[in-house]
Amino acid sequence: MKTVDISKYSTEIDTSEMQELVLAPLPDIVVDRVLQLDADIACYECTYNANDSLEECKNNLLTLIEKYRVYAGAERVVCHLTGELKGNRYSIATVKPYQGNRIGKAKPKNLQAVRAFLRFMNTNDTIEVYYNHLEEADDSLTQFHHNNPNSVLCSRDKDLRMNSGLQLNWDTFELHEVDPFGYLEINEYTTKSGNKKRKIYGEGTIWFWFQMLAGDTADNIAGLPKIQGKNKMVKC
């Protein structure tokens, strides 16, 4: 298998500058702690700027990985990449095509090259890459996280909030413990056009069951159309 030498790329980060940009406190490194990182999202974010060269994208990715490692207080990072079969989800989702709402949408020009760069690079003492052509990153992130009591999970994907244990917030870099049962809350907000809307936010097992009932528009997954209310069927 072809491997990529990453020794020429700089991953040094200025932690004092990071503290100015991020509100979360910088934790101490915990012995044997491992960060389970959603590399699908990391690759996408590091290639989103169309003006960046491929080399800049690669360097940005390695710097981002190191940044999350430091804020997780972890000695090592396992970067999880989705395989081409995506856990056979395309044949499982029979009501609507899985991720059918993404067909035809453009992707960053350097995305596939950066994913290949990460997949085939030489691992070292701090970075390991996990790729299984049968699985989505969600699958391996969850499995690795639950099999290691000294693990921290980090992803922007709302689905991963169903996992209990220590998680690192993708945007705020805050570490927090997710309760196994979890919670649900309703957040109200106003759109730019002035319309008031509500959004459900949750964590833990109850968040998983809510998504099972309501579906997931991001992945084109239909939920139950109606459920039994007090006196009548109501929209889910």
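Treat the numbers as computed from the prediction; the structure is a model and nothing was measured.

Caption draft 1: Structural detail: the overall build of the chain. Helix and strand counts for the chain stand at 7 helices and 12 strands. Burial analysis of the chain (236 residues in total) assigns 37% to the buried set. A total accessible area of about 14300 Å² is found for the chain, and carbon and sulfur atoms account for 53% of it.

Caption draft 2: Representation of the nonpolar core within the structure. Counting residues in hydrophobic clusters, the biggest one holds 33 residues, and the most contacted among them are L35, L37, L61, I65, Y68, C79 and L118. Elements with a minimum of two residues in this core: strand 1 (34-38), helix 2 (39-47), helix 3 (54-72), strand 2 (76-82), helix 5 (111-119), strand 3 (127-132), strand 4 (151-154) and strand 5 (165-168). Once residues within four sequence positions are removed from consideration, L35 is found in contact with Y68, R69, A72, A74, R76, V77, V78, V152 and C154.

Caption draft 3: Region of the structure containing the packing of aromatic side chains. Overall, the coordinates contain 8 aromatic pairs when judged by the stated rule. On the basis of an interplanar angle of 45 degrees and a centroid distance of 5.0 Å, the ring pair of Y71 and F173 is categorised as tilted. Of the two residues, Y71 sits in helix 3 while F173 sits in the loop between strand 5 and strand 6 (175-178), which places them 102 residues apart along the sequence. The class of Y71 is buried, set by a relative accessible area of 0%. According to the relative accessible area criterion, F173 is buried, its value standing at 8%. Judged by centre distance (6.3 Å) and plane angle (35 degrees), the ring pair of Y183 and Y201 falls under tilted. Taken together, the residues span a long stretch of sequence, with Y183 in strand 7 (residues 183-190) and Y201 in strand 8 (residues 196-203) at a distance of 18 residues.

Caption draft 4: Broad picture of the environment of N132. Mapped onto the fold, N132 is located in strand 3. With sequence-adjacent residues up to four places away left out, N132 is seen in contact with L81 and G83. Looking at N132, its side chain comes within polar contact range of the main-chain nitrogen of L134, at 2.9 Å.

Caption draft 5: Representation of the packing of helix 2 against helix 5 within the structure. Here helix 2 crosses helix 5 at 130 degrees, and the two axes come no closer than 9 Å. Taken together, helix 2 and helix 5 sit at an angle that is classed as oblique. The element helix 2 and its partner helix 5 pack so that their crossing is right-handed. Contacts between helix 2 and helix 5 involve A39, D40, C43, Y44 and T47 from the former and L111, V114, R115 and L118 from the latter. Taken together, the residues of the contact of helix 2 with helix 5 break down into 6 nonpolar, 1 polar and 2 charged.

Caption draft 6: Representation of the side chain of R161. The topology assignment puts R161 in the loop between strand 4 and strand 5. We note that R161 is buried and unpaired, the nearest opposite charge coming from E203 at a distance of 5.3 Å. Of note is the side chain of R161, whose polar atom sits 2.9 Å from the backbone oxygen of G202. Dropping the residues within four chain positions of it, R161 is found in contact with Q167, V178, Y201, G202, E203, G204 and W207.

Caption draft 7: Structural detail: a nonpolar patch on the surface. On the surface, L184, I186 and I200 cluster together to form a nonpolar patch covering roughly 230 Å² of accessible area. Relative to the elements of secondary structure, I186 occurs in strand 7.

Caption draft 8: Highlighting the pattern of salt bridges. For the coordinates displayed, the defined rule picks out 6 salt bridges. Salt bridges linked by common partners bring E45, R156 and D171 together as one network.

Caption draft 9: Broad picture of helix 2. Among the 9 residues of helix 2, 7 are classified as buried, and the element is accordingly described as predominantly covered. For helix 2, the full list of buried residues reads A39, D40, I41, A42, C43, C46 and T47. Contacts from the buried residues of helix 2 go to strand 1, helix 3, strand 2, helix 5 and helix 6 (137-147). The N-cap residue of helix 2 is D38: its side-chain oxygen and the backbone nitrogen of D40 are 3.2 Å apart.

Parameters at a glance
Residues numbered from 1 in each chain as written. Predicted model: local features only at pLDDT ≥ 70, side-chain atom pairs only at ≥ 80, totals over all residues. Heavy atoms only, no water. Helix = DSSP H or I, 4+ residues; strand = E, 2+ residues; numbered from the N terminus. Buried < 20%, exposed > 50% of the residue type's maximum accessible area, 1.4 Å probe, protein only. Areas by Shrake-Rupley, 256 points an atom, 1.4 Å probe, with all protein chains shown as cover. Core = buried A, V, L, I, M, F, W, Y, C linked by side-chain atoms within 4.5 Å. Contact = heavy atoms within 4.5 Å. Phe/Tyr/Trp six-rings, centres within 6.5 Å; stacked < 30°, edge-to-face > 60°. Polar contact = N/O pair within 3.5 Å; in protein donor to acceptor, adjacent residues only side chain to side chain. Axes fitted to C-alpha atoms, helices over the stretch in contact; angles between N-to-C directions. Parallel < 35°, antiparallel > 145°, perpendicular 65-115°, else oblique. Left-handed = near helix turned anticlockwise from the far one by under 90°. Nonpolar A, V, L, I, M, F, W, Y, C, P; charged D, E, K, R; others polar. Lys, Arg positive; Asp, Glu negative; His and termini not counted. Salt bridge = Lys/Arg side-chain N within 4 Å of Asp/Glu carboxyl O. Patch = residues over 30% accessible without salt bridge, like charges linked within 9 Å, V, L, I, M, F, W, Y side chains within 5 Å.

Fair warning: the whole summary comes from geometry, so function is off the table for now.
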